[in-house]
4 protein chains.
Amino acid sequence: MAGSTYGNIFKITTWGESHGDALGVVVDGCPAGLELNEFDIQRFLDRRKPGSSQFATQRSEADRVEILSGIFEGKTTGTPISMLVRNTSQRSSDYSEIASYYRPGHADYTFDQKYGFRDYRGGGRSSGRETIGRVAAGAIASKILSELGVTVTAYTESIGDIHISRENFSLDEARSNQTGMPDKAASEKAEKYLKECMQKLDSAGGVVECTVHNLPAGIGEPVFDKLDANLGKAVMSIGAVKAFEIGDGTAAARANGSSNNDAFHIDNGIVTKMTNHSGGVLGGISDGSDLILRAYFKPTPSIFQEQQTINRAGENITIQIKGRHDPIIVPRAVVVVEAMTAVTILDLLLQNMTSRLDKIKKFYR
Amino acid sequence: MAGSTYGNIFKITTWGESHGDALGVVVDGCPAGLELNEFDIQRFLDRRKPGSSQFATQRSEADRVEILSGIFEGKTTGTPISMLVRNTSQRSSDYSEIASYYRPGHADYTFDQKYGFRDYRGGGRSSGRETIGRVAAGAIASKILSELGVTVTAYTESIGDIHISRENFSLDEARSNQTGMPDKAASEKAEKYLKECMQKLDSAGGVVECTVHNLPAGIGEPVFDKLDANLGKAVMSIGAVKAFEIGDGTAAARANGSSNNDAFHIDNGIVTKMTNHSGGVLGGISDGSDLILRAYFKPTPSIFQEQQTINRAGENITIQIKGRHDPIIVPRAVVVVEAMTAVTILDLLLQNMTSRLDKIKKFYR
Amino acid sequence: MAGSTYGNIFKITTWGESHGDALGVVVDGCPAGLELNEFDIQRFLDRRKPGSSQFATQRSEADRVEILSGIFEGKTTGTPISMLVRNTSQRSSDYSEIASYYRPGHADYTFDQKYGFRDYRGGGRSSGRETIGRVAAGAIASKILSELGVTVTAYTESIGDIHISRENFSLDEARSNQTGMPDKAASEKAEKYLKECMQKLDSAGGVVECTVHNLPAGIGEPVFDKLDANLGKAVMSIGAVKAFEIGDGTAAARANGSSNNDAFHIDNGIVTKMTNHSGGVLGGISDGSDLILRAYFKPTPSIFQEQQTINRAGENITIQIKGRHDPIIVPRAVVVVEAMTAVTILDLLLQNMTSRLDKIKKFYR
Amino acid sequence: MAGSTYGNIFKITTWGESHGDALGVVVDGCPAGLELNEFDIQRFLDRRKPGSSQFATQRSEADRVEILSGIFEGKTTGTPISMLVRNTSQRSSDYSEIASYYRPGHADYTFDQKYGFRDYRGGGRSSGRETIGRVAAGAIASKILSELGVTVTAYTESIGDIHISRENFSLDEARSNQTGMPDKAASEKAEKYLKECMQKLDSAGGVVECTVHNLPAGIGEPVFDKLDANLGKAVMSIGAVKAFEIGDGTAAARANGSSNNDAFHIDNGIVTKMTNHSGGVLGGISDGSDLILRAYFKPTPSIFQEQQTINRAGENITIQIKGRHDPIIVPRAVVVVEAMTAVTILDLLLQNMTSRLDKIKKFYR
């Protein structure tokens, strides 16, 4: 139970290390009949690809996905879809040094404590490359959701103290610039800030926001598998995420009921809420409004400044990390948040199909 | 899969509605040999009891727990522990009105959308009383953890904009006042603020902080079942929680790597971190420092002001909620956060026992 | 993970010991909208009640079920249904002797090995009374299945070497006699045989057969959650079951392909099989024919003859068991097999709803 | 939840179809520190390889395993182990015919009913090649078990009506002949019988027996996750298995308590049972004796005689199957039963580590 499987009905199992032979995922419980090919997956993977930005690792990997099972004549068959990406650009020698010590902010120490030793090459299993499997699975979940009319969209909301303005929102902008911000002005400011960080041999954090449009009301289970609880787990399980919020999130704790409650309204038989402080969920169940969540990422822990730490021999030492490291995790993490959100939403959408006897009877009639 | 079961090895299943006959929990996977009696549970339940504070519902329920199974001669036997609390003070008539409409900020609308109808009495399954089962289970988890030397402690960190000062920290204060704040001055300020809210027929939100002391390094699984991911789910699954964070949390997104990284240090063979921005977890695995998490609660949605909403007949209406409602959820939720944290930590502690072959061999030798 | 939870979507969690305060079950994932009251459960429980036959324990317990949650205005709400039965006729003194030694054929020794000690009163958790929770849950599953047109029927197929004749099949007979056999002549023979066993202070075994009519084709998952695999687990998890088979079962291993294959046939658009050696399942998925399974029960291990065994002090001793013990488990186990079959079938029926994208799209349209 | 994942702690997820690009398995929850290389896996896979016997498909596949993750410097790291075998000898053209009709005894019809269409090439996911992933995972489980002193051994017990004699038992014989029988005389008789079957264009069934030596007492959980229940599921989930039994199995249903009970005996502090009718399990928990189980396989459904069936167009037709088909499944299934037994035993061994508080305290001290 090393926890590499996620989901109840749409169930994904990821595997692989940064510098092993390959990384991948098995998606079990994908409904039969979805048209799917490698391009559907590749265009998601390309969004997290290293080398795509000056703020991203200059490791020139193709990260080319191969689908090994579960598709026949262009459609999913209902059986497990196994996908893998070969590691082609491993330079393990870069990492031989870190075998001997524990990098601050990394999982080196905790892996050694848990397992007695670790695959130190590039962070092993705790590398950002672990998310390849999540993104490949998320591509499938997103495609199914879009067939159901549900869209999941993530983008960078802030980098350091620089936030997007919602007036300037442009998803095209977010998908084409180097920050993932859907606001050109904010993005340019953020680029400047990131360059300053790099000059100071430092790194920056930021926030990814994700919205889900057109999710039907009624999705999510009332107690432990609340929609927001499962999303909380999904998002917090992404490396470097330190906080998760839904709707107004932390701000709700400072609000009053009178301002935080969303009034219901009906117009021509269509129920809406006049505000959406709740972020689309009430009592753990979707309310038909847009779902809005945020993931807070810490700064990249690999910085080029001198740092104090200890080595495996039990000595206090000073280190200076080398190699290829992004000054910020956020732009490449956008698609990971989107993927984990899609997987979670789809899983709960499928679970919800059994909530009412009348609908089950209709299904089997 | 209505999601009323939580945990993998230490597994809890809660049941019950606000105004049904009883509420309870079945704890499966509790190790054999723990001394346990009803008092161990009751003292936890008393911390969430209504009527314990002027800011808590004046419903005078004893909430007396009964243990029905799993104990023999004062010790747990390893078989399921079933516990229940009878509902004795239901005044369903208070709630007959809300049968017809959807209260803003509540789960009335979403339950109807999901299930076609709902038990509207006191919120039914989405009532705060649902947490009785969580707290009873948490009492057991906490007791086991304390036998292992691990302590879990929650308290109110803020109410509205009033935050505790860490210099004045007193757990005794937190356990005896009406806010759950471990800082007398802050608590008095918060009391004043809550009275103002009540006068305005309004409600307030706040933050619960929880720390875990003495957790061994190595607890948590590397990918989806990260310590912080599972805690994120556990905490987000508590009604009214809108955000979750670990360590510096949201602030980490505004920090730089140079300030956010925690330097390791060794002294006389004892490894420590010189700071604890990470909140005790690296790569999803405990690092031996104190674990620190925060749960952000929205204001009580039941307020006595007039509100706009819709009824089941599909009409826009104005309502004014009656009955017994706390102006704030936070003080009574402190023990719920503590309980969910304890259950999660214990579950991962047990899971971790199988991480290394050498330790398994030693166990079975 | 003491294994007291079963099922994926329709999930049951049982608890309780033979001589504790009560036994019960929590059913989570029951669809909303099913009319359900205590009588629906009681009539199933009455079928396993002690004292109902001269071959059943003369413990005069009412075994009266109480539903504590999950029902509102006579219908299931979709939230957990908690049910309990109080133990009222415990005579623990009968069992004080067995505290000190290990009864052959019982779980006394293995519980002590696993947990270090045990609740020895009446077998504790390994008592036949543990099945009360299964039967209560099975009553609900059966009712849902019957709403979907699916019926589950179990009866005694053999006792010792006495088998029913299918020509004389009468379910009324099975439900009214003391053997559970649907064949009057066989039942009378079996009664005579059981009386002989009792005279010899001995006990007997037998076989329960269970058929499922009108199950749609397509139920069951292709690999580990095959319909027959899940049924195998469900049935083997009933105490005293030593073998499980589906369709021709063990006989298939002696057959040839030419005789064992079932030819498909179509008539007026209706697909049938000309024989049903497979017992209604092909490749782990229902084929639309009747599902037929058998559970093989060992003889009651509690016999009144002298037996050799050891005591907790580590000495070889001779014992003679006292108290109330059925000479055969089978008649009271019929409803348990039926219950576990119903729970398993329903769970897979619900899981199957997500197998095809076109049907999911139709569901959410 | 298409059911391709098995196990709770030692968790395996298989994927792949007969004629897809590859088949494989992800093993999650494997403890760190096990020495493991591809040869450890290959020698298990070679035991199920086609072409190894005149009674096995003459498909000359190497079935060469590749380990893609989870190993570092020759040892398991505690992270998922992904293994794959490329399909190299697919002759899909052989199967184009079966696209249009439903072979008796196969899953063609049920897959179409469940998913709307199927990958018909070689049975797709319901092919015997699906077991490649199980066997690769079983190789790892077996290796860990052997480090703990536990050995799992399967062999052919019977083919048609020809049974082995236990006096002549030779595991070397079983591992070197073409039937998997550990009895030379029986094996020769069975070979003759199988040749007769082939001449008649027919096929045969048989029984695989599996024993587990040196399993500690106390393994298995008391209710739904009984050792025999989990083994029942594991074994019944193997294609073509129609019955499962433990110990005396079906014979126990015809026995009396006096003959079926196993007397305990102690000698020099060592507890034994004077007989082992129970097959090593009491109340679902291992009793320290040898575990003995049997899997009953039906005859290969692909026979070369003419058969009646229907086609996808809804017509009654007569077919004659072509291609490469074993006249018996049993010899190649021996290692599959062994693998599933090993995975199940190991999983419950790991789960058992959390059963007692005193042992947990000792572990974490």
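Refer to the structure above for everything that follows.
Analysis parameters
- Residues numbered from 1 in each chain as written.
- Chains lettered and ligands numbered in written order.
- Predicted model: local features only at pLDDT ≥ 70, side-chain atom pairs only at ≥ 80, totals over all residues.
- Heavy atoms only, no water.
- Buried < 20%, exposed > 50% of the residue type's maximum accessible area, 1.4 Å probe, protein only.
- Helix = DSSP H or I, 4+ residues; strand = E, 2+ residues; numbered from the N terminus.
- Arc of directions from axis to C-beta.
- Contact = heavy atoms within 4.5 Å.
- Phe/Tyr/Trp six-rings, centres within 6.5 Å; stacked < 30°, edge-to-face > 60°.
- Lys NZ or Arg CZ within 6 Å of the ring centre and 35° of its normal.
- Buried area = accessible area lost by both parts, 1.4 Å probe.
- Salt bridge = Lys/Arg side-chain N within 4 Å of Asp/Glu carboxyl O.
- Polar contact = N/O pair within 3.5 Å; in protein donor to acceptor, adjacent residues only side chain to side chain.
- Pairing = 2+ DSSP bridges.
- Least-squares fit on C-alpha atoms with pLDDT ≥ 70 in both.
- Axes fitted to C-alpha atoms, helices over the stretch in contact; angles between N-to-C directions.
- Left-handed = near helix turned anticlockwise from the far one by under 90°.
- Nonpolar A, V, L, I, M, F, W, Y, C, P; charged D, E, K, R; others polar.
- Patch = residues over 30% accessible without salt bridge, like charges linked within 9 Å, V, L, I, M, F, W, Y side chains within 5 Å.
- Areas by Shrake-Rupley, 256 points an atom, 1.4 Å probe, with all protein chains shown as cover.
- Lys, Arg positive; Asp, Glu negative; His and termini not counted.
- Charge placed at Lys NZ, Arg CZ, Asp CG, Glu CD.
- Disulfide = S-S within 2.5 Å.
- Parallel < 35°, antiparallel > 145°, perpendicular 65-115°, else oblique.

A. Helix 9 (residues 357–364) of chain D, seen in detail. Of all the positions in helix 9 of chain D, only Leu357, Ile360 and Phe363 of chain D are classed as buried. Taken down its axis, helix 9 of chain D places every buried residue within 120° of arc, on the same side. Elements in contact with the buried residues of helix 9 of chain D: helix 3 (131–147), helix 8 (330–351) and helix 9 (357–364) of chain B.

B. The arrangement of the packing of aromatic side chains in detail. In total, this model carries 32 aromatic pairs over all chains according to the counting rule given. Here the aromatic rings of Phe363 of chain A and Tyr364 of chain A are separated by 5.1 Å at their centres, their planes lie at 75°, and the arrangement is edge-to-face. On the basis of an interplanar angle of 90° and a centroid distance of 5.1 Å, the ring pair of Tyr120 of chain B and Phe72 of chain C is categorised as edge-to-face. Of the two residues, Tyr120 of chain B sits in the loop between helix 2 (108–115) and helix 3 while Phe72 of chain C sits in strand 5 (residues 71–72), which places them in two different chains. One aromatic cluster is present, built from ring pairs that chain together Tyr102 and Tyr109 of chain A together with Phe264 of chain B. Sitting over the face of the ring of Phe44 of chain C, Arg47 of chain C holds its NZ or CZ atom 5.6 Å from the ring centroid. Over the ring of Tyr115 of chain C we find Lys114 of chain C, and its NZ or CZ is 5.9 Å from the ring centre.

C. Highlighting the environment of Gln42 of chain C. All names here are of chain C. When you line up the elements, Gln42 lands in helix 1 (residues 38–45). Note on Gln42: relative accessible area 6%, which makes it buried. Remark: the alpha-carbon pair of Gln42 and Ala139, spanning 97 residues in sequence, is separated by 8.5 Å. With sequence-adjacent residues up to four places away left out, Gln42 is seen in contact with Ala62, Asp63, Arg64 and Val65.

D. Spotlight on the side chain of Arg48 of chain A. Residues and elements named next belong to chain A. Along the chain, Arg48 falls in helix 1 (residues 38–48). Residue Arg48 is classed as buried on the basis of its relative accessible area, which comes to 3%. In contact with Arg48, not counting residues within four places along its chain, are Asp63, Gly128, Arg129, Thr131, Ile132, Val135, Arg332 and Val335.

E. Up close: the interface of chain C and chain A. Every contact between the two is made by 24 residues of chain C and, on the other side, 24 residues of chain A. With both sides pooled, the region where chain C packs onto chain A buries about 2,400 Å², and carbon together with sulfur makes up 75% of that total. Three residues, Met353, Leu357 and Tyr364 of chain C, lead the burial of chain C against chain A; their summed loss comes to 29% of the area buried on that side. Where chain C meets chain A, there are two salt bridges. In this structure, Glu147 of chain A and Lys361 of chain C form a salt bridge, with 2.6 Å as the shortest nitrogen-oxygen distance. There are 10 residue pairs in polar contact (both at pLDDT 80 or more) connecting chain C and chain A.

F. Region of the structure containing the interface of chain A and chain B. Taken together, the contacts link 106 residues of chain A with 106 residues of chain B. Between chain A and chain B, the buried area comes to about 8,100 Å², and carbon and sulfur atoms account for 61% of it. Our count for the chain A to chain B interface comes out at four salt bridges. Its salt-bridge partner being Glu221 of chain A, residue Lys114 of chain B comes within 3.3 Å of it at the nearest N-O pair. Remark: the boundary between chain A and chain B carries 45 residue pairs in polar contact (both at pLDDT 80 or more). Pairing geometry for strand 11 (residues 241–246) of chain A and strand 11 (residues 241–246) of chain B, over three bridges, is antiparallel. Bridge pairing in strand 11 of chain B links Ala243 of chain A to Glu245 of chain B.

G. Quick peek at the pairing of strand 13 (residues 270–273) of chain C. Residue and element names in this part refer to chain C. In this sheet, strand 13 lies alongside strand 12 (residues 264–267) in antiparallel orientation, the contact comprising four bridges. In the sheet register, Ile266 faces strand 13, and the bridge partner there is Val271. Connecting the antiparallel pair strand 12 and strand 13 is a turn made up of two residues, with Asn268 showing a positive phi of about 55°.

H. Layout of the environment of Arg365 of chain B. All names here are of chain B. Structurally, Arg365 can be placed in the segment after helix 9. Judged by relative accessible area, Arg365 falls into the exposed class, the value being 78%. When the C-alpha atoms of Arg365 and His163 are compared, they prove to be 52 Å apart, with 202 residues separating the residues in sequence.

I. Representation of the relation of the copies chain C and chain A in the model. Superposing chain C onto chain A takes a rotation of 180° plus a shift of 0.0 Å along the axis, which leaves an RMSD of 0.0 Å. Taken together, these values place the two copies in the relation of a two-fold axis. Mapped onto chain A, 100% of the interface residues of chain C are again interface residues, and the two copies thus contact each other with one and the same surface.

J. Structural detail: the pattern of salt bridges. For the structure on display, the rule yields 96 salt bridges over all chains. Between Asp287 of chain A and Lys273 of chain A there is a salt bridge, and its shortest N-O distance comes to 2.5 Å. Remark: Lys273 of chain A occurs in strand 13 (residues 270–273) and Asp287 of chain A occurs in the loop between strand 15 (285–286) and strand 16 (291–297); sequence separation between them is 14 residues. Each member of the pair, Asp287 of chain A together with Lys273 of chain A, is buried. Between Arg175 of chain B and Glu338 of chain B there is a salt bridge whose closest N-O contact spans 3.0 Å. With Arg175 of chain B in helix 4 (residues 171–176) and Glu338 of chain B in helix 8, this residue pair connects regions lying 163 residues apart in the sequence. With relative accessibility at 4%, the residue Glu338 of chain B sits in the buried group.

K. Looking closely at the packing of helix 6 (residues 227–236) of chain B against helix 8 of chain B. Residues and elements named next belong to chain B. The geometry of helix 6 relative to helix 8 is characterised by a closest axis approach of 9 Å and an angle of 145° between their N-to-C directions. The two elements helix 6 and helix 8 meet at a crossing, and its hand is right-handed. Residues Leu227, Asn230, Leu231 and Ala234 of helix 6 form the contact with helix 8, whose participating residues are Met340, Thr341, Thr344, Ile345 and Leu348. Tallied by class, residues from the contact of helix 6 with helix 8 come to six nonpolar, three polar and no charged.

L. Seen up close, the sheet that holds strand 3 (residues 22–28) of chain D. Residue and element names in this part refer to chain D. Strand order in the open sheet made by the five strands is 1-2-3-7-4, with antiparallel pairing throughout. One side of each edge strand has no neighbouring strand; the edge strands of this open sheet are strand 1 (5–6) and strand 4 (65–67). In the sheet, strand 4 pairs with strand 7 (residues 81–86) via three bridges, with the strands oriented antiparallel. By the bridge assignment, Ile67 is partnered in strand 7 with Met83.

M. Broad picture of a positive patch on the surface. There is a patch of like positive charges on the surface, built from Lys359, Lys362 and Arg365 of chain A together with Lys359, Lys362 and Arg365 of chain C. Along the chain, Lys362 of chain A falls in helix 9 (residues 357–364).

N. Structural view of unusual backbone geometry. Although it is not a glycine, Asn214 of chain B adopts a positive phi angle of roughly 70°. Inspection of the secondary structure assignment puts Asn214 of chain B in the loop between strand 10 (206–213) and helix 6. A residue is classified by how much of its surface remains accessible, and Asn214 of chain B, at 52% relative accessible area, is exposed. A positive phi angle, close to 50°, is found at Glu73 of chain D, a residue other than glycine. Examined against the element boundaries, Glu73 of chain D turns out to sit in the loop between strand 5 (71–72) and strand 6 (75–76).

O. Main features of the state of the cysteines. Enumeration according to the criterion identifies zero disulfides over all chains in this entry. Cysteine Cys210 of chain C remains unbridged, with the sulfur of Cys30 of chain C as its closest cysteine sulfur at 20 Å.

P. Local environment of the environment of Gln305 of chain A. Residue placement: Gln305 of chain A occurs in the loop between strand 16 and strand 17 (306–310). Given a relative accessible area of 24%, Gln305 of chain A falls into the partly exposed group. Taking the C-alpha atoms as reference points, Gln305 of chain A and Leu34 of chain A, separated by 271 residues in sequence, lie 49 Å from one another. Among all residues touching Gln305 of chain A, those that are not within four sequence positions of it are Lys200, Leu201, Asp202, Ile319 and Gln320 of chain A together with Ser258 of chain B.

Q. The arrangement of the packing of helix 1 of chain C against helix 3 (residues 131–147) of chain C in detail. Residue and element names in this part refer to chain C. Where helix 1 contacts helix 3, the axes come no closer than 9 Å and their chain directions differ by 125°. Comparing the axis directions of helix 1 and helix 3 gives the class oblique. The interaxial crossing formed by helix 1 with helix 3 has right-handed handedness. Two secondary-structure elements touch here, helix 1 through Asp40, Ile41, Phe44 and Leu45 and helix 3 through Ile132, Val135, Ala136, Gly138, Ala139, Ile140, Ser142 and Lys143. Here the contact of helix 1 with helix 3 is composed, by residue class, of eight nonpolar, two polar and two charged.

R. Seen up close, the sheet that holds strand 7 (residues 81–86) of chain C. All names here are of chain C. Overall, antiparallel pairing links the five strands, which are arranged 1-2-3-7-4 in an open sheet. Across the chains shown, the open sheet's two edge strands, defined by having one partner strand only, are strand 1 (5–6) and strand 4 (65–67). Both strand 3 (residues 22–28) and strand 7 contribute to a ladder of six bridges, which runs antiparallel. Directly across from Ala22, in strand 7, lies its bridge partner Arg86. Across the sheet, helix 3 is in contact with strand 2 (11–16), strand 3 and strand 7; its angle to strand 3 comes to roughly 35°.

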